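# Coordinates in review
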Amino acid sequence: MPQDKPFAHGPSEEFPGFPGITAGLTAAETSRLTGRGLWAADGTVDPDVVRLAQTLTSALLNGDGDDGSEPLLPAELAAHIEEVRGLALPAYHRIEATDGIRLSAFSLRQRGPGPHPLVVVPAGWTPFGWPLFLWSYLALARRGYHVLAYTPRGLGIPGLPSTSEGFVDVAGPHDWADGSAVIDFATDHLAPSVIGFLGESYGSGISQLVAAHDDRVAAVVALSTWGNLATSLYDHDTRHLAAVKALLALTGGPPETKFDALNQEVLADFLADRNLDRIVEWGRLRAPESYLHLTNDNETPTFFSNTWHEGLFAVNQLLETFEGLEVPKRLNLWIGDHAAPEGPGLIGTEPGRANLPMAEAYAWLDHHLKGERNGVEDWDQVCGQVMFTYVTEPVPDPGTGEPTGENRIVEEALREHRADWSRVTTGVEVLGLTGDGAAGTDGRLLPAGETTAPSEVTGWRRAFLAGVDTEATVMDGLMKTGQAERAGNPKTYDTRKIDRRHALAWITAPLTARQGEGTAARRIRGIPRLRLTVRSTAASAGLVAHLFDVAEDDSARIVTHEPLNVYGLTPDEDRTVTWRLQAAAYDIAPGHRLMLVVDSKDPLYGDASVTWTQTVVSSAEDAPAFLELPLG
């Protein structure tokens, strides 16, 4: 293949290559990656995914065996790379920001006559930068786009060619300015007809913020994203501690080398549970929701894709941002956790293997950047998968044929389309909580109304010992549980193992289908709401509400949850609190029961509970305890 110069008139550097790329990938190795997504079991980026991305990058930039060396890729992947090299010219760059910081970047410039539309891809929050999503750049190039991907400032492992200079600004003003500098570079060297941004996780927040502050962005795709960083990390007076610790572990170095003094102080305050008003102000500065007026003025079409059980950027905060957009918009909600739906489509393993979340993201860009009439113009604003409605079959051991205990999906979960978010919930059912849970037994959830005597659902008190976690945990680990959900293996709970000394539980009778509910006993659609009255022998109390779908054998799956911390209590004071659980789309099967469990701790969160103090939950006559279920 002819080795064209990267640009006749633009800065480009020779790609220095990744250390350790000395042996190629086999077909068996790439096949094992199919559908696995980004994450290893411990919540870090899968090393095999990193090796695949770096090998694809090296093959694309330097050719695969062009110099007579052993090929790096199996034949099918090598052919795919060569096809894209025939369509677009790859190049490696260092783009200078306005303050002199140099950003590592990569481009694919269409070889055919233009002008061509451009998609800019800020990398996600990982130490490996832009190469991780190399597969998606190939997909965009095959669709006729110029591609310009870059690693946001500060991210990366020192010595890797994909690492950018500077300090991580956590999607702050420096990152917005960097996005505009990247657009300037693209305008000078690619001369695009129109510009869109596509980002996953960190890159998705940056994409929204750049688009709000630079009207040259004509469309945005934001995957596994946030709308309000403040409430993503701190909501209901509760720190999302595991999320921040996980993010700090993925920058590519210790905090003192990755953040400037101000951001180090803010992050240290968050971890130490102090100066939280400052945290909120810091997060709002980095919240696309704070700039909705700019996005609306720019009329930027915006596409969101998230998950119901999102562990980093909980779904409710994004819904508020979505509702505030007055532009062409789309919200896809999927089964799983952070990056689980789109992850396989971003990293890629097999040519021609479709990933629906990414296919719809690309369709959004095709419509808004290329003007294609591809059905996007007729899309409803909201489309959500109904949790765990997929059909699965056991996975046999290839040697013995015996079941492995894992399932695989043979029929995808139901997806429901709604014209807008307001039409997801069409009614509510209010359940009262009873106090008949003495000696470790459970209270009842009773339909409120004329059939429930007020004495059953008010005037009671129940207590538990706080500060000790129970089996009612939200997930086994960030990304881990959600990735298993996505693959057809949702976490199963044994509700009998939830220690009632450290938790309170309420449960319905077996549910039956009601008129208009179809085959489901309840169709939960939207945001549940919970009201309780609480007091504590300590000055504060942590509450974590979990909603479970309980089968006939007492095994359960989680529907949704949400924590709440209550401060400034005195031992003789009752405090009535009402809070919203995270949105859900979940069908309760006939014969199943709905269980509410309230305990005081969860590994995801920083809680206000004091170990071995007593938390008392009650239902006041003037503020009865209730669980409000959204139905649709």
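Rules used throughout
- Residues numbered from 1 in each chain as written.
- Predicted model: local features only at pLDDT ≥ 70, side-chain atom pairs only at ≥ 80, totals over all residues.
- Heavy atoms only, no water.
- Helix = DSSP H or I, 4+ residues; strand = E, 2+ residues; numbered from the N terminus.
- Rg over C-alpha atoms; globule rule 2.2 N^0.38 Å.
- Buried < 20%, exposed > 50% of the residue type's maximum accessible area, 1.4 Å probe, protein only.
- Contact = heavy atoms within 4.5 Å.
- Lys, Arg positive; Asp, Glu negative; His and termini not counted.
- Charge placed at Lys NZ, Arg CZ, Asp CG, Glu CD.
- pLDDT = per-residue confidence, 0-100.
- Salt bridge = Lys/Arg side-chain N within 4 Å of Asp/Glu carboxyl O.
- Pairing = 2+ DSSP bridges.
- Axes fitted to C-alpha atoms, helices over the stretch in contact; angles between N-to-C directions.
- Phe/Tyr/Trp six-rings, centres within 6.5 Å; stacked < 30°, edge-to-face > 60°.
- Lys NZ or Arg CZ within 6 Å of the ring centre and 35° of its normal.
- 1 Å grid on protein atoms, 1.4 Å probe; cavity = no way out; pocket = protein on both sides within 12 Å on 5 of 7 lines; lining within 4 Å.
- Points joined across faces, edges and corners; volume = space filled by probe spheres on them.
- Nonpolar A, V, L, I, M, F, W, Y, C, P; charged D, E, K, R; others polar.
- Parallel < 35°, antiparallel > 145°, perpendicular 65-115°, else oblique.
- Left-handed = near helix turned anticlockwise from the far one by under 90°.
- Polar contact = N/O pair within 3.5 Å; in protein donor to acceptor, adjacent residues only side chain to side chain.
- Expected span 1.5 Å × (residues − 1).

### Regarding the overall build of the protein
Of the regular secondary structure elements, the protein holds 17 helices and 28 strands. Taking 2.2 N^0.38 as the reference for a compact globule, 632 residues should give roughly 26 Å; the C-alpha atoms of the protein span a radius of gyration of 26 Å, in line with that estimate. Dimensions along the principal axes, computed over C-alpha positions, put the protein at roughly 85 × 55 × 45 Å. Per-residue burial for the protein yields a buried fraction of 59% across its 632 residues. Taking contacts inside the protein between residues at least 6 apart in sequence as the whole, the part at least 24 apart equals 76%. Considering the protein, the positive charge centre built from 51 side chains and the negative charge centre built from 85 side chains are found 2 Å apart.

### Description of the confidence of the model for the protein
Averaged over all residues, the pLDDT of the protein is 93; the fraction at 70 or higher stands at 96%. In the predicted structure, residues 1-10 sits below a pLDDT of 50 and forms 23 contacts with residues beyond four places in sequence or in another chain.

### Here we look at the pattern of salt bridges
Taken as a whole, this structure holds 42 salt bridges when the rule is applied. Here Arg-575 and Glu-573 are joined by a salt bridge, their closest N and O atoms 3.2 Å apart. Salt bridges here are not isolated pairs; linked through shared partners, they connect Glu-416, Arg-418, Arg-523, Arg-525 and Asp-587.

### Here's the deal with the sheet that holds strand 10 (residues 329-334)
Read across the sheet, ten strands follow the order 1-2-4-3-5-6-9-10-11-14 without closing on themselves; strand pairing throughout is mixed. In the strand order of this sheet, the two ends are held by strand 1 (88-96) and strand 14 (415-418), each with one partner. Strand-to-strand, the axes of this sheet are offset by a mean angle of 15°, without reference to chain direction. Here helix 4 (residues 134-142) sits on the sheet and contacts strand 1, strand 2 (102-110), strand 3 (118-122) and strand 4 (146-150); the angle it forms with strand 2, its principal contact strand, is near 35°. The strands touched by helix 13 (residues 315-324) are strand 9 (302-307), strand 10 and strand 11 (382-385); relative to strand 10, the strand with the most contacts, the crossing angle is about 165°.

### Some remarks on the packing of aromatic side chains
Inspection of the entire model under this criterion finds 18 aromatic pairs. Measuring from centroid to centroid gives 5.8 Å for Phe-303 and Trp-364, while their planes differ by 50°, and the two rings are tilted. Residue Phe-303 is located in strand 9, and its partner Trp-364 is located in helix 15 (residues 356-370); the two are separated by 61 residues in the primary sequence. Here Phe-303 and Trp-364 have matching classes, each one buried. The cationic tip of Lys-329 hangs over the ring face of Phe-322; the distance from NZ or CZ to the ring centre is 4.5 Å. Stacked on the ring of Trp-506, the Lys or Arg Arg-462 has its end atom at 4.9 Å from the ring centre.

### Focus: empty space enclosed by the protein
Regions of empty space are outlined by a rolling probe, equal in size to a water molecule, passed over the atoms. Applying the stated criterion across every chain yields a total of nine cavities of 30 Å³ or more. There is about 160 Å³ of room inside the largest cavity. Along its surface, the largest cavity is lined by 14 residues, and Trp-125, Val-170, Leu-233, Leu-247 and Trp-282 are the ones closest to its centre. Listing elements by their share of the lining of the largest cavity, those giving two or more residues are helix 7 (229-233) and helix 8 (241-248). Residue contributions to the lining of the largest cavity peak at three residues, all from helix 8. Residue lining of the second largest cavity: 15 residues in total, with His-309, Glu-310, Val-474, Met-475 and His-561 positioned closest to the centre. The set of elements that each furnish at least two residues to the lining of the second largest cavity consists of helix 17 (480-486) and strand 23 (555-566). Taken together, the residues of the lining of the second largest cavity sort by class into six nonpolar, six polar and three charged.

### Quick look at the packing of helix 2 (residues 47-62) against helix 3 (residues 75-87)
Relative orientation of the contacting elements helix 2 and helix 3 amounts to 45°, with a least axis distance of 10 Å. Considered as vectors, helix 2 and helix 3 are oriented oblique to each other. Judged by the twist between their axes, the crossing of helix 2 over helix 3 is right-handed. Here Leu-52, Leu-56, Ala-59, Leu-60, Leu-61 and Asn-62 of helix 2 come into contact with helix 3, specifically with Leu-77, Ile-81, Val-84 and Arg-85. Classifying every residue of the contact of helix 2 with helix 3 gives eight nonpolar, one polar and one charged.

### Points about the side chain of Asn-332
The residue Asn-332 is located in strand 10 in this model. Judged by its relative accessible area of 0%, Asn-332 is buried. One polar contact links Asn-332 to Arg-415, side chain to side chain, over a distance of 3.4 Å. In contact with Asn-332, not counting residues within four places along its chain, are Phe-303, Phe-304, Ser-305, Asn-306, Glu-360, Cys-383 and Arg-415.

### A few points about the pairing of strand 11
Covered by surrounding structure in strand 11 are Val-382 and Gly-384 together with Cys-383 and Gln-385, the residues of both alternating faces. Note: strand 11 against strand 14, four bridges, orientation antiparallel. Residue pairing across strands places Val-382 opposite Arg-418, the latter belonging to strand 14.

### Some thoughts on helix 2
Look at helix 2: 22 Å from first C-alpha to last across 16 residues, which is about the 22 Å you get at 1.5 Å a residue. Among the 16 residues of helix 2, twelve are classified as buried, and the element is accordingly described as predominantly covered. Val-49, Val-50, Leu-52, Ala-53, Gln-54, Thr-55, Leu-56, Thr-57, Ser-58, Ala-59, Leu-60 and Leu-61 are the residues of helix 2 that are buried. Those residues of helix 2 hidden inside the fold are in contact with helix 1 (27-32), helix 3, strand 1, strand 2, helix 4 and helix 14 (343-347). Where helix 2 begins, the side chain of Asp-46 points an oxygen toward the backbone nitrogen of Asp-48, at a separation of 2.9 Å. Two residues or fewer after helix 2 comes Gly-63, characterised by a positive phi angle close to 85°.

### Here we look at the pairing of strand 27 (residues 614-618)
Of all five residues that make up strand 27, four are buried, and the element is covered over most of its length. Examined bridge by bridge, strand 17 (residues 461-465) and strand 27 share five bridges and lie antiparallel to one another. When the bridges of strand 27 are listed, Arg-461 appears paired with Ser-618. Sheet analysis places strand 21 (residues 529-536) next to strand 27, joined by four bridges and oriented antiparallel. Each bridged residue has a counterpart across the sheet, and for Val-534 the counterpart in strand 27 is Val-617.

### Some details on the packing of helix 10 (residues 261-272) against helix 11 (residues 276-285)
Following both chains from N to C, one finds helix 10 and helix 11 inclined at 125°, their axes separated by 9 Å at the closest point. Judged by the inter-axis angle, helix 10 sits oblique to helix 11. Of the two elements, helix 10 crosses helix 11, and the hand of that crossing is left-handed. Facing Leu-262, Asn-263, Glu-265, Val-266, Asp-269 and Phe-270 of helix 10, the residues of helix 11 in contact are Arg-278, Ile-279 and Trp-282. Residues that form the contact of helix 10 with helix 11 fall into these classes: five nonpolar, one polar and three charged.

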